[in-house]
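Chain by chain, the residues run as shown.
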Amino acid sequence: MTDPMDRITSALAERYRIERELGSGGMATVYLAHDVKHDRKVAVKVLRPELAAVLGAERFVQEIKTTANLQHPHILPLFDSGEADGFLYYVMPLIDGETLRDKLNRETQLSIEEAVKITTEVADALDHAHRHNVIHRDIKPENILLHDGRPMVADFGIALAVSAAAGGRMTETGLSLGTPHYMSPEQATAEKDLTNRSDIYSLGAVLYEILTGDPPHTGSSAQQIIMKIVTDDARPVTELRKSVPPNVAAATTKALEKLPADRFETAEAMTRALNDPAFGHVGTVRVRAETRTAGRRWLAVLPWVATLVLTMALIGVLGTRSTGDDAVRYVNIQLPDTAPLVFIGEAPGGTGQPALALSPDGQRIVYVGRADTTTCLYVRDLGDGFAVRPLMGTEGAYAPCMSPDGASVAFFAGGRLKRVALDDVQVTPITEAYWSRGCSWSDDGRIVTNVGDNREFVIAPATGGTVQRRRLSREFGKWMSQAEWLPGNEWLLDGCSQPNHLCAYSLDAEDVRFLAMDGPPTARRGAASVAGTSARFLEPNYLLFSHPADNVLMGLRFDPNTLTAEGERVVLQRGVRRENARGLLQIAFSTRGDFLFAEGENAIEAQFVWADATGAVERLPFRTRVYGAFRLSDDGRFIAARVVPPTGPDELWIMDLERRVEERWTAGQLLAGRSLGAHEWLPDSRRLLVAGRGDPSVLLEVDARTASGGRVLWEGSGSIIPERVGATGNAFMRVDSAGPSMTYLTLTRIDDLERLPGGPAEDALPPVDGIPAAGVLTDFSPDGDWFAYSSTETGPYEVYAQRLEPGSRPYRISRGGELPRFSPRGDGVYYRDGQRWYFVAFTGDDAEPFAAPRFVLEGEYQNVAGPEFEVAPDGRRLLLLERTAASSTTTLHLILNWRKELEERLGGGQ
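Residue positions are counted from 1 within each chain, in the order its sequence is given. A pLDDT threshold of at least 70 governs which residues receive local features in this predicted model, and a stricter bar of 80 or more applies before side-chain atom pairs are shown or counted, although totals over entire chains, interfaces and linings include all residues. The basis for every side-chain value is the complete set of non-hydrogen atoms in the structure, without hydrogens or water.

A. Structural view of the overall build of the protein chain. Scanning the protein chain for helices and strands turns up 16 helices and 59 strands. The buried label goes to any residue with under 20% of its type's maximum accessible area, the exposed label to any with over 50%, and the partly exposed label to all in between, with areas taken from a 1.4 Å probe on protein chains only. In the protein chain, which comprises 910 residues, the proportion classed as buried is 59%. What makes two residues a contact is simply this: any of their non-hydrogen atoms within 4.5 Å. The long-range share in the protein chain, meaning contacts at least 24 apart out of those at least 6 apart in sequence, stands at 54%. Values of accessible area rely on a 1.4 Å probe in the Shrake-Rupley scheme; residue burial ignores everything except the protein chains shown. Looking at the protein chain as shown, the accessible area adds up to about 35400 Å², and 49% of this sits on carbon and sulfur atoms. Numbering of helices and strands runs from the N terminus, with a helix taken as a DSSP run of H or I at least four residues long and a strand as a DSSP run of E at least two residues long.

And the structure:
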């Protein structure tokens, strides 16, 4: 008799090389395999033969397509599925970690903090799936993988696919879907149509076990367990563990209610309860508030009906509501497939930008939508049917903001701030504005926006006229992102100092104050400073902002007159689309207190890929993370990348492309009290130069093969930034910069590194003239003869190249574009313009040394602070970060009279 593993090995040989069996469960056997096409390790799950026999390949593959489209940081993605020699299989990433079951077997119970964290992150994954009409049906510790401490839900929707494919024939297999200990009562009694509340019950059972050490119901047989699930109540959590907070115990109890209608309506509601100390299961304000959302939640069951019904309901609600109608209502806004909302579009840098605006009366939505090969602004009149209409003359638009009267919208396109009237579609340029990240319109007719290098903002009359420019000191202005007017038009709200703190700025930029938790602002950042980004103010006294490391909207009570925060910050909405490293959320508010947002992931997570001009993309077998700047070794074997973890300081990871392994650099005490600075490879491609920022700063040498420790080359005051170490042995270091001139050191022997940066004067080149103040140095040529930079001195970013010698003149090699990178072959320069990459070849002509730019590739690749793409040693491929989040959406969520909910959750109000 043929061994099943031999059969499956033979059947999948062309695509997957089966190496060994990893384990088996009720529905499938799991094998470790090598993906031949993509050269990576994967997990192949093969359904049990008796199950496959009644399903049929075509129906199973058809059903599993729905689940394959789920993309979420806490959902294990599905790579592939199909049929081979009678076997039905599906393929997932091979995760380096353990299951929650493994952890519970070892520890029995987890800390309350960890239990709540795991549960809320799994709930976030469930909420995402439920909104896409996918129910897991088999939530249990075995299906929750722990990857770097972060839960990832596996087999998402597989049970649904099996059930749907089998129809009523599951009894023929002798198997049931779901695990008895975690089945909901309706699943245990074989009800056919399960809802999202079945998953909520299962998650409640998992949380119960994490807290107490046992599932809520146990027994000697599956039949006995099912009988208890249907008839018995679980013992209260606090009887078994007295330290469980009341709200966590109440949330667990509510999730485990027998009747689905008595459970949480959504996984999101369960998350809010777990993080709300005031939550109680019976008779509390929070529970009453949740019951108002019932009209919204059935959308997950019938989305094709909901689009029509809710839109018609929305027309009625918005067309007839009066000022006395203050009920909280939840509605979905469906956009046309031909004009979806676009998160990135034509914004400079290829980064996600604000894409939503809501009129003050809540009657109109303006959004950035797709228009052929570009973007433009669209208007959706909520009280007037289904149609959206484009605003002519807004091609290339991003980051809209509404006027206080709702008649006009400001936006950015082509390096300018513009205004368009919504009814007569008249477009008026206002001022130049490069690298802006949103705007805010005051009630006295002024528009404020950030520009340039994160330290400058401009205030422009909406009708045109004299523009005021304000520049902040380095101490405070490093991470401005999206300034917002506060009432009275005397203060601006924004980020400051680091990307995760909030400040108020005076209009003359002379007074900067850190907002503090439950108290007045301070002149310096401290332990009580408010951590967050994407700050917004909602009348009369609410400060809203993004969680520093996640796609979560949070809130505080806030007095705009004294800049004083009150009370505790509260999680208000999870699953809001977040853009770029500055944490911009896709949100908008009306002055009457409506809340509009786009659902989505943390869009700054990405995966390393190789891409070339033919369109070929090779995804590398390294983890999806939030990455920062990265550098490729000269021989192309190693990537050294900054990684931004959810909490704690940035890390340096080293990826070995030859061995397909990755390892975190452990600094020991070398960076004690300092933050991670820039890094660069030495010519031997085995050692790194790493800068540590602090007082004093340090320059370290690290061996990439051990990824631990290192030695100090220099320690002292000043700024040390390794820019490029050429293959010829010349080491170029930027020692310091001040104004338009930059000073460098060049070394002919690597041994001389120990004399940096205080080496003999003969090692230092004279300052190179001609670099404009707005220039951003990026790269040196391999032979050390040229350097390249981008500049906004004459308009939008342009790329220049210049010889590294006194008296040389700059050559403009592009109109538009930034981040030039020399090819290791020495034949030219690559650069990025938005989401497109170009190549400029050397001509060999001293008079005209550069050819015209040539298009190379286009794609939705991540923009990070610092070097964000590299060129392979052969000069033909680019190393890029591919985004994992969706680039567009056709669904928006609107909460009418949301301020009423803020009053209940945060207090304050009118």
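B. Representation of unusual backbone geometry. Between E539 and P540 the backbone carries a cis peptide bond, its omega angle lying at 0°. Mapped onto the elements, P540 comes out in the loop between β27 (533-538) and β28 (542-546). For S534, which is not glycine, the phi dihedral falls at a positive 55°. In this fold, S534 is placed in strand β27. Classification of S534 as buried rests on a relative accessible area of 2%. If you check the backbone angles, S685 has positive phi at about 60° while not being a glycine.

C. Summary view of the side chain of R821. Relative to the helices and strands, R821 is located in strand β52 (residues 818-822). Within the structure, R821 has its side chain in polar contact with the side chain of E870 (distance 2.7 Å). N or O atoms within 3.5 Å of each other form a polar contact, as long as, within protein, one can give a hydrogen and the other can take it, and as long as residues adjacent in sequence are counted only when both atoms are side-chain atoms.

D. How the structure looks around the pairing of strand β41 (residues 675-681). Where burial is concerned, most of β41 is hidden: five out of the seven residues are buried. Note: two strands are recorded as paired if DSSP finds a minimum of 2 bridges between them. Sheet topology note: the β41/strand β42 (residues 687-693) ladder contains five bridges and is antiparallel. Bridge pairing in β42 links L676 to G692. Counting the residues in the hairpin turn of β41 and β42 gives five residues, including S685, whose phi is positive at 60°.

E. Local environment of helix α12 (residues 267-274). Most of α12 is tucked away: eight of the eight residues are buried. When we look at burial in α12, the residues that qualify are A267, E268, A269, M270, T271, R272, A273 and L274.

F. The arrangement of the sheet that holds strand β20 (residues 446-451) in detail. The four strands lie next to each other as β19-β20-β21-β22, forming an open sheet whose pairing is antiparallel. If you trace the sheet from one side to the other, it starts and ends with β19 (439-441) and β22 (468-471), each paired once. Between one strand and the next, the sheet's axes are offset by a mean angle of 20°, whatever the strand orientation. Note on definitions: angles span 0 to 180 degrees between N-to-C directions of axes, and those axes are lines fitted to C-alpha atoms, for helices only across the stretch in contact.

G. The pairing of strand β3 (residues 40-47), seen in detail. Of all eight residues making up β3, seven are buried, and the element is well covered by its neighbours. Count of turn residues in the strand β2 (residues 28-35)/β3 antiparallel hairpin: four residues, of which D39 carries a positive phi of about 55°. Strand direction decides the pairing type here: β3 and strand β5 (residues 87-93), joined by five bridges, are antiparallel. Across the sheet, residue K45 finds its bridge partner in β5, namely Y90.

H. Inspection of helix α8 (residues 196-212) at higher detail. Between the first and last residue of a helix there are one fewer steps than residues, each counted as 1.5 Å, and that sum is the expected span. Counted at 1.5 Å a residue, the expected span for α8 with its 17 residues is 24 Å, and the 25 Å between its end C-alpha atoms agrees. Within α8, 17 of the 17 residues are buried, which leaves it mostly tucked inside the rest of the structure. Backbone geometry just downstream of α8 places G213 in the positive-phi region, at approximately 100°.

I. Quick look at the sheet that holds strand β29 (residues 552-559). In space, the four strands of this open sheet follow the order β27-β28-β29-β30, with antiparallel pairing throughout. For this open sheet the edge positions go to β27 and β30 (564-574), each flanked by a neighbour on one side alone. Across the sheet, the axes of successive neighbouring strands diverge by a mean angle of 25°, strand direction being ignored. For β28 and β29, the ladder comprises five bridges, and the chain directions are antiparallel. Bridged to S546 within β29 is L553.

J. Examining the packing of aromatic side chains more closely. Think of it this way: a Phe, Tyr or Trp ring, Trp meaning its six-membered ring, pairs with another when their centres are within 6.5 Å, and the plane angle makes it stacked under 30 degrees, edge-to-face over 60, tilted otherwise. Tallying each qualifying case throughout the model produces 25 aromatic pairs. Summarising the aromatic geometry, the rings of F589 and W898 are spaced 5.8 Å apart at their centres and angled 25° between planes, so their arrangement reads as stacked. Placement of the pair is F589 in strand β33 (residues 587-589) and W898 in helix α16 (residues 898-906), with a sequence separation of 309 residues. Exposure class is identical for F589 and W898. Each is buried. Here the aromatic rings of W786 and Y811 are separated by 6.0 Å at their centres, their planes lie at 55°, and the arrangement is tilted. One end of the pair, W786, is in strand β49 (residues 786-791); the other, Y811, is in strand β51 (residues 811-812), with 25 residues separating them in the sequence. Pairwise contacts between aromatic rings join W786, Y811, F822, F842 and F850 into one cluster. Above the plane of the ring of F264 lies K254, whose end atom (NZ or CZ) is 5.5 Å from the centre. Here, over-ring charges are defined by two tests on the NZ atom of lysine or the CZ atom of arginine: distance to the ring centre within 6 Å, and angle to the ring normal within 35 degrees.

K. Main features of the nonpolar core. L100, F156, L211, F264 and M270 are the most contacted members of the largest nonpolar core, which has 49 residues in total. Beyond its immediate sequence surroundings of up to four residues, L100 is in contact with L110, I118, P141, I144, L146, V206 and I210. Membership of the second largest hydrophobic core comes to 36 residues, among which are L358, V368, L377 and A598. We call a set of buried residues a nonpolar core when its members are Ala, Val, Leu, Ile, Met, Phe, Trp, Tyr or Cys and they connect through side-chain atoms within 4.5 Å of each other.

L. Spatial organisation of the state of the cysteines. Disulfides are defined as cysteine sulfur pairs within 2.5 Å. Enumeration over the complete set of coordinates arrives at one disulfide. A disulfide bridge connects C401 with C439, and the sulfur atoms are separated by 2.1 Å. The disulfide joining C401 to C439 has a torsion of about -110° about its S-S bond and is therefore left-handed. Here C401 is found in strand β15 (residues 398-402), whereas its partner C439 is found in strand β19, with 38 residues between them in sequence.

M. Spotlight on the pattern of salt bridges. The salt bridge definition used is simple: a Lys or Arg side-chain nitrogen within 4 Å of an Asp or Glu carboxyl oxygen. Counting across every chain of the model gives 54 salt bridges. The salt bridge involving E19 is made with K41; its shortest N-O contact spans 2.4 Å. Within this pair, whereas E19 is found in strand β1 (residues 16-24), its partner K41 is found in strand β3, the two being separated by 22 residues in sequence. The class for E19 is partly exposed, based on a relative accessible area of 33%. Overall, the relative accessible area of 39% leaves K41 in the partly exposed class. The network of salt bridges with shared partners includes E98, K103, R106, E107 and E114.

N. Up close: the packing of helix α5 (residues 112-131) against α12. Where α5 meets α12, the axes come as close as 8 Å, and the angle between the chain directions of the two elements is 160°. Taken together, the axis directions place α5 and α12 in an arrangement best described as roughly antiparallel. The two elements α5 and α12 cross, and the hand of that crossing is left-handed. When α5 is examined against α12, the residues V116, T119, T120, A123, L126, D127 and R131 are found in contact with a partner set consisting of A267, E268, M270, T271 and L274. Ten residue types, Ala, Val, Leu, Ile, Met, Phe, Trp, Tyr, Cys and Pro, are classed as nonpolar, four, Asp, Glu, Lys and Arg, as charged, and the remainder, Gly among them, as polar. In terms of residue class, the contact of α5 with α12 is made up of six nonpolar, three polar and three charged. By the definition adopted for this analysis, an angle is roughly parallel if under 35 degrees, roughly antiparallel if over 145, roughly perpendicular if from 65 to 115, and oblique otherwise. For a crossing to be left-handed, the near helix must be turned anticlockwise from the far one by less than a right angle; the clockwise case is right-handed.

O. Inspection of the environment of S442 at higher detail. Tracing the sequence through the fold places S442 in the loop between β19 and β20. The class for S442 is buried, based on a relative accessible area of 1%. Here the alpha-carbon distance between S442 and E484, two residues 42 residues apart in the chain, equals 8.7 Å. Here S442 is in contact with P404, W485 and N489, once residues within four sequence places are set aside. At 2.3 Å, the side chain of S442 and the side chain of D444 are in polar contact.

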